[in-house]
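# A closer look at the structure
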Amino acid sequence: MALFRITAYLDTPVCLGKTYLTLDAVLYGILSEIRDLRGIDTDPVGDIPLMHVDGLFRASRAYFDNPVHYGGVKTGGIRLAKDLADAPLFLQPSRGRYYKVSTVKGPMKAHLSRYRCIGAESVSWIAEGDASRVQSLLESAGAIGARRKDGHGALRRIEVEPAKGLSPLIDEMGEVRRPIPVRLSGFAKPTTGLLTAVDTWRPPYWDAFGADECYIPRPA
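Cut-offs and rules
- Residues numbered from 1 in each chain as written.
- Predicted model: local features only at pLDDT ≥ 70, side-chain atom pairs only at ≥ 80, totals over all residues.
- Heavy atoms only, no water.
- Helix = DSSP H or I, 4+ residues; strand = E, 2+ residues; numbered from the N terminus.
- Buried < 20%, exposed > 50% of the residue type's maximum accessible area, 1.4 Å probe, protein only.
- Contact = heavy atoms within 4.5 Å.
- Areas by Shrake-Rupley, 256 points an atom, 1.4 Å probe, with all protein chains shown as cover.
- Salt bridge = Lys/Arg side-chain N within 4 Å of Asp/Glu carboxyl O.
- Core = buried A, V, L, I, M, F, W, Y, C linked by side-chain atoms within 4.5 Å.
- Axes fitted to C-alpha atoms, helices over the stretch in contact; angles between N-to-C directions.
- Parallel < 35°, antiparallel > 145°, perpendicular 65-115°, else oblique.
- Left-handed = near helix turned anticlockwise from the far one by under 90°.
- Nonpolar A, V, L, I, M, F, W, Y, C, P; charged D, E, K, R; others polar.
- pLDDT = per-residue confidence, 0-100.
- Polar contact = N/O pair within 3.5 Å; in protein donor to acceptor, adjacent residues only side chain to side chain.
- Phe/Tyr/Trp six-rings, centres within 6.5 Å; stacked < 30°, edge-to-face > 60°.
- Lys NZ or Arg CZ within 6 Å of the ring centre and 35° of its normal.

With that out of the way, let us pick up the overall build of the protein chain. A tally of regular secondary structure across the protein chain gives four helices and 12 strands. Expressed as a percentage of the 220 residues in the protein chain, the buried residues total 40%. When contacts within the protein chain are restricted to residue pairs at least 6 apart in sequence, long-range pairs at least 24 apart make up 71% of them. Of the accessible surface of the protein chain, which amounts to about 12700 Å², a share of 54% is contributed by carbon and sulfur atoms.

Structure below.
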């Protein structure tokens, strides 16, 4: 296991929800797609090729090079890949009338998602683990972040370099590079006066059940 910096050069802006886009979050998403879409037996958390202590992965948040931020929204409803498998239910007439799909209420209700989009030449992380395996996973994914099917987050190339003397958890100013539970901060030794909030700190980040009182990075 080595300490390294990995940089992904971008062809298109990355779209994010409410996330710091830690490297373990990115790898969790890739491994989940390998399992669900390719039918390959893998553990999206257990197979993340990064060091961890008490469940806290030694991997930083995403750092964008000269980022340009802008907002984005998307209206969603019927999921084509899954819901159209039930098309016969809607196309079979009942009493001479076809069923109607309601996008106002019910299971097919449309929803509005808001995203932060970031345009940059590259995005990088500092981490400790199997650098070759991390690079291979990123290259196999081809894109990161949200709205990848719309062309966002496309990766051009991946580069890895040693990160000797750097910490994947704490930066040179003593600020945290990722959410770190206060109860686990003893080994990380962050500076005093850091921001704290209840937040998730390990994958799957969308599962609020795993939230804890954490030291969190300052807004980028």
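With that settled, consider the pattern of salt bridges. Tallied over the full model, the rule gives 11 salt bridges. Salt-bridge contacts for Glu159 lead to Arg157; the nearest nitrogen and oxygen are separated by 3.0 Å. Overall, Glu159 belongs to the partly exposed group, its relative accessible area being 34%. Linking Arg218 and Glu175 is a salt bridge whose minimum nitrogen-to-oxygen distance equals 3.0 Å. Of this pair, Arg218 sits in the segment after β12 (211-215) while Glu175 sits in the loop between β9 (155-162) and β10 (180-181), placing them 43 residues apart in sequence. We classify Arg218 as partly exposed; its relative accessible area is 37%.

Turning next to the side chain of Arg177. Along the polypeptide, Arg177 turns up in the loop between β9 and β10. In contact with Arg177, not counting residues within four places along its chain, are Ser60, Arg61, Tyr63, Ile126, Leu166, Ser167, Pro168, Leu169, Ile170, Asp171, Glu172 and Pro217.

Our focus in this paragraph is the nonpolar core. Within the largest apolar cluster, 33 residues are counted, with the highest numbers of intra-cluster contacts made by Leu21, Leu23, Leu50, Phe64, Trp125 and Ile144. Every element with two or more residues in this core is listed here: β1 (2-10), β2 (14-16), α1 (23-38), β8 (122-129), α4 (131-141) and β9. In this structure, Trp125 is in contact with Phe4, Arg5, Ile6, Ala8, Leu21, Thr22, Leu23, Val26, Ser60, Arg61, Ala62 and Ile144, ignoring residues within four places of it in sequence. Counting residues in hydrophobic clusters, the runner-up holds 11 residues, among them Leu56, Leu169, Leu194 and Cys214.

Between α1 and α4, the least distance of the axes is 10 Å, while the angle of their chain directions is 60°. Between α1 and α4, the crossing angle belongs to the class labelled oblique. Judged by the twist between their axes, the crossing of α1 over α4 is left-handed. Packed against α1, whose contacting residues are Leu23, Val26, Leu27, Ile30, Leu31, Ile34 and Arg38, the element α4 presents Arg133, Val134, Leu137, Leu138, Ser140 and Ala141 at the interface. Broken down by class, the residue content of the contact of α1 with α4 amounts to 10 nonpolar, one polar and two charged.

Averaged over all residues, the pLDDT of the protein chain equals 85, while 79% of them reach at least 70. Within the protein chain, no element has a lower average pLDDT than helix α2 (residues 80-83), which sits at 48, and none a higher one than β8, at 98.

Attention now goes to the side chain of Thr22. Its location among the elements puts Thr22 in the loop between β2 and α1. For Thr22, a relative accessible area of 2% corresponds to the buried category. Of note is the side chain of Thr22, whose polar atom sits 3.1 Å from the side chain of Tyr205. The residues contacting Thr22, other than those within four sequence positions of it, are Ser60, Arg61, Trp125, Arg178, Pro179 and Tyr205.

Moving on, we come to the packing of aromatic side chains. Under the criterion given, the structure shown has zero aromatic pairs. We note Arg157 situated over the ring of Tyr9; from NZ or CZ to the ring centre the distance is 4.0 Å.

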